[in-house]
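Geometric and topological summary
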Amino acid sequence: MRAGSGEQMEQPGTQGARAWLGWLCGLSLLAGCNVPIAIGLDENDANHAVVALEKNGVAADKERDPDSESHWRISVARDDASSAAGILSSESLPPAHSPGLLETMGQGSIVPSQASEQAKFVAGTSGELERSLRSLDGVVSVRVHLAIPVQDPLLAEEAATPASASVLLRHRGSTPPIAIADIQRLVAGAVPGLNPPQVSVVASPVPMPTRLPERELSRFGPVTVTRASVFPLRSIVGGALVLNLGLLAALLLVWTRARRAESSLAEQRAEGTQGAR
């Protein structure tokens, strides 16, 4: 009878262990379904990417990039990878690297020439202007093109080609976050001999993305999921909780019956011992 009771006790315990193991495996699989969509980011760019994704209903995780020291990467669920890539592309994230004057002028050459030094100066100045304009709230992306001819000392000043510039600004909202005249003054002030009227500015508004209601994010405990996934997740968690409570109750019932069987067997042995005497 003990052997039978032991088998009865072992079976529910084994089932409970298997249920817990399956639940843990399911959680590990869910945790492993994330894929990186942006790597090698500095922390500021990574924060902007996470904000942009979550505003558009895509849950994103920022974590250290194991392949690049002091950099970050952004991971999303595998099913959201294509949507996340489209959102980052429309938001121009991560932004293209714009080298500044220190970077361009620091690139030495074996035989420096006036044209090469002029090209480095133009590239570095454009990069510095792009960084300044990109730091404004509401600016999605910006490109600055400078046309600064090489000055020939043999030509008269009146015959020299005047400098010019063009700026392409993509911004959120119907109006730019900075006035066109201010952009012209900013660019002209960075280039010697360039006047504000010679700076052409093209400001293009970026349409706001339409987000479906089911893509809105919601919190379920420590987990962030889409609103459409909250009810299935609650059902799964509730079902797992009910299953584990049922297994616990079955284990308690079997243990109680085993204790009663042991007590009954002990009483029968005691009666048999007294009868033999």
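Structural notes, computed from the coordinates. (Residues numbered from 1 in each chain as written. Predicted model: local features only at pLDDT ≥ 70, side-chain atom pairs only at ≥ 80, totals over all residues. Heavy atoms only, no water.)

Before going further, it helps to spend a moment on a nonpolar patch on the surface. There is a patch of nonpolar side chains on the surface, built from Leu241, Leu245, Leu248 and Leu251 and spanning about 380 Å² of accessible area. Position of Leu248 among the secondary structure elements: in helix H7 (residues 227-276). (Patch = residues over 30% accessible without salt bridge, like charges linked within 9 Å, V, L, I, M, F, W, Y side chains within 5 Å. Areas by Shrake-Rupley, 256 points an atom, 1.4 Å probe, with all protein chains shown as cover. Salt bridge = Lys/Arg side-chain N within 4 Å of Asp/Glu carboxyl O. Helix = DSSP H or I, 4+ residues; strand = E, 2+ residues; numbered from the N terminus.)

Reading across the sheet, the three strands line up as E4-E5-E6 and stay open at both edges, with mixed pairing between neighbours. The sheet is open, and its two borders are formed by strand E4 (139-147) and strand E6 (199-206), each paired with just one other strand. Here the average twist between neighbouring strands, direction ignored, is 10°. Of the strand pairs in this sheet, E4 and strand E5 (residues 164-172) are connected by eight bridges, and their pairing is antiparallel. The residue bridging Val142 from the neighbouring strand is Leu169, located in E5. The strands that helix H6 (residues 180-190) touches are E4, E5 and E6; relative to E6, the one it contacts most, it runs at about 130°. (Pairing = 2+ DSSP bridges. Axes fitted to C-alpha atoms, helices over the stretch in contact; angles between N-to-C directions. Contact = heavy atoms within 4.5 Å.)

Now for the packing of helix H2 (residues 43-55) against helix H3 (residues 81-90). Interaxial distance between H2 and H3 falls to 10 Å at its minimum, and their mutual angle equals 115°. For the pair H2 and H3, the sense of crossing is right-handed. Of the residues in H3, those touching H2 at Ala49, Ala52 and Leu53 are Ala84, Ile87 and Leu88. Here the residues of the contact of H2 with H3 sort into six nonpolar, no polar and no charged. (Left-handed = near helix turned anticlockwise from the far one by under 90°. Nonpolar A, V, L, I, M, F, W, Y, C, P; charged D, E, K, R; others polar.)

For the rest of this paragraph, the subject is the packing of helix H5 (residues 114-134) against H6. Between H5 and H6, whose axes approach to 10 Å, the crossing angle comes to 150°. Comparing their axes, H6 and H5 come out roughly antiparallel. Regarding H5 and H6, the two cross each other, and that crossing is right-handed. Where H5 abuts H6, its residues Thr125, Leu129 and Leu133 lie against Ile183, Leu186, Val187 and Ala190. Looking at side-chain class alone, the contact of H5 with H6 contains six nonpolar, one polar and no charged residues. (Parallel < 35°, antiparallel > 145°, perpendicular 65-115°, else oblique.)

As far as function goes, none of this settles anything; it's purely spatial.
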